[in-house]
Amino acid sequence: VSTQSTGDYEKDQEIQEILGSVDLYVLTIMNPDGYAYAWETDRWWRKNKTPIPGSECFGVDLNRNWGHDWDGKDSSTHPCSEEYRGDKPFSENETRIVSQFLTSIKNQLIGYMNVHSFGQLWMYPWSHTADSTKDEAAMEKSAKKSVQALEAVYGTKYKYGQGSEVSYQTSGSVDDWVYAELNVVYTVTVELRDKKYWGFFLPPSEILPTGIETLAGFKKFCQFAIKNE
């Protein structure tokens with residue numbers, strides 16, 4: 001998505017209009033040591049590689065380490081769990097540094113997208129509770145338009161809605177923190193292809209189509225946030 005947004009700038013009028021209106025900040029990998037470990041040792045690995053004092057296990061689930069509703073549902077106090085939330089909010093360098101950066105630009109921030117795999121889901125807050133936000137109508141409209149744009153490319157079907165409803169309740173997540181603490185209405189977590197068959201082992205032939213259709217959804221997401229900020 002970032003490559004297409006810059007490499008095709010001269011050819012894509014929508015990208016020109018978006019970049020003429022806002023700055024885009026792209027963090028391609030938030031968990032570099034965990035990413036490397038997933039390629040070298042355990043393809044299903046999801047945590048970082050932080051050593052845990054007094055435990056033979058290591059790693060914190062970074063999407064359970066954010067400060068809003070930390071230590072709630074679907075997070076674990078056990079270091080060996082895939083959902084270990086750390087010993088305190090923002091205990092990890094990754095979440096602490098990114099949260100500090102986002103806070104530093106909060107007066108200019110109108111949208112935030114957190115990209116994961118897999119599941120073909122487009123989710124907005126809340127993730128930690130079934131209660132709706134006061135901005136649900138705007139969030140749902142943005143998500144619907146984004147998913148429609150994505151699906152129009154190859155027909156890939158995405159489910160959209162409140163995270164706790166279309167997926168499951170989680171606590172200490174980045175999307176809830178960005179919305180609650182920074183008041184960014186257009187905040188989403190996107191789970192890319194596929195639904196279950198390939199999972200984390202998506203074949204190379206699926207990567208480019210995934211990026212192309214996600215770019216279409218991303219552009220619509222940006223356009224909606226710019227128009228309705």
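The preceding data block contains the structure.
Since the model is a prediction, treat every value here as computed from it, not as a measurement.

Participant: What should I look at first to understand the sheet that holds strand E3 (residues 159-162) in this one?
Facilitator: Within a sheet, adjacent strands bond to each other through the backbone by hydrogen bonds, running parallel or antiparallel. With mixed pairing, four strands are arranged side by side in an open sheet as E1-E4-E2-E3. On the outer flanks of this sheet lie strand E1 (111-117) and E3, each paired with one strand and no other. Mean inter-strand twist for the sheet, computed between neighbouring axes without regard to direction, equals 20°. Pairing analysis gives three bridges linking strand E2 (residues 121-124) to strand E4 (residues 186-192), with the strands arranged antiparallel. Directly across from Met123, in E4, lies its bridge partner Thr189. Seen against the sheet, helix H5 (residues 136-154) touches E2, E3 and E4 and runs at an angle of roughly 160° to E2.

Participant: Would you take a moment to explain the side chain of Ser75 for this structure?
Facilitator: Positionally, Ser75 belongs in the loop between helix H3 (32-40) and helix H4 (93-104). Judged by relative accessible area, which is 18%, Ser75 ranks as buried. For Ser75, the side chain forms a polar contact with the main-chain oxygen of Gly72, separated by 2.8 Å. Residues contacting Ser75, with those up to four places away along its chain left out, are Arg64, Glu83, Arg85 and Ser171.

Participant: Can you walk me through the pairing of E4 in this structure?
Facilitator: One face of the sheet, then the other: side chains in a regular strand alternate in exactly this way. The element E4 is largely enclosed, with a buried count of seven among its seven residues. Residues Tyr186, Val188, Val190 and Leu192 point to one face of E4 and Thr187, Thr189 and Glu191 to the other, with burial holding for every one of them. Sheet topology note: the E1/E4 ladder contains seven bridges and is parallel. Paired with Tyr112 across the two strands is Thr187, which belongs to E4.

Participant: Is there a simple way to think about the nonpolar core in this case?
Facilitator: It is characteristic of soluble globular proteins that their nonpolar side chains tend to be buried jointly. Counting residues in hydrophobic clusters, the biggest one holds 17 residues, and the most contacted among them are Trp122, Tyr158, Tyr186, Val188 and Val190. Of all elements in the fold, only E2, H5, E4 and helix H8 (204-228) reach the threshold of two or more residues within this core. The contacts of Val188, once residues within four sequence positions are left out, are Tyr112, Met113, Asn114, Trp122, Met123, Tyr124 and Phe221. Leu102, Ile105, Leu109 and Leu182 belong to the second-largest nonpolar core, a separate cluster that totals twelve residues.

Rules used throughout
Residues numbered from 1 in each chain as written. Predicted model: local features only at pLDDT ≥ 70, side-chain atom pairs only at ≥ 80, totals over all residues. Heavy atoms only, no water. Pairing = 2+ DSSP bridges. Helix = DSSP H or I, 4+ residues; strand = E, 2+ residues; numbered from the N terminus. Axes fitted to C-alpha atoms, helices over the stretch in contact; angles between N-to-C directions. Contact = heavy atoms within 4.5 Å. Buried < 20%, exposed > 50% of the residue type's maximum accessible area, 1.4 Å probe, protein only. Polar contact = N/O pair within 3.5 Å; in protein donor to acceptor, adjacent residues only side chain to side chain. Core = buried A, V, L, I, M, F, W, Y, C linked by side-chain atoms within 4.5 Å.

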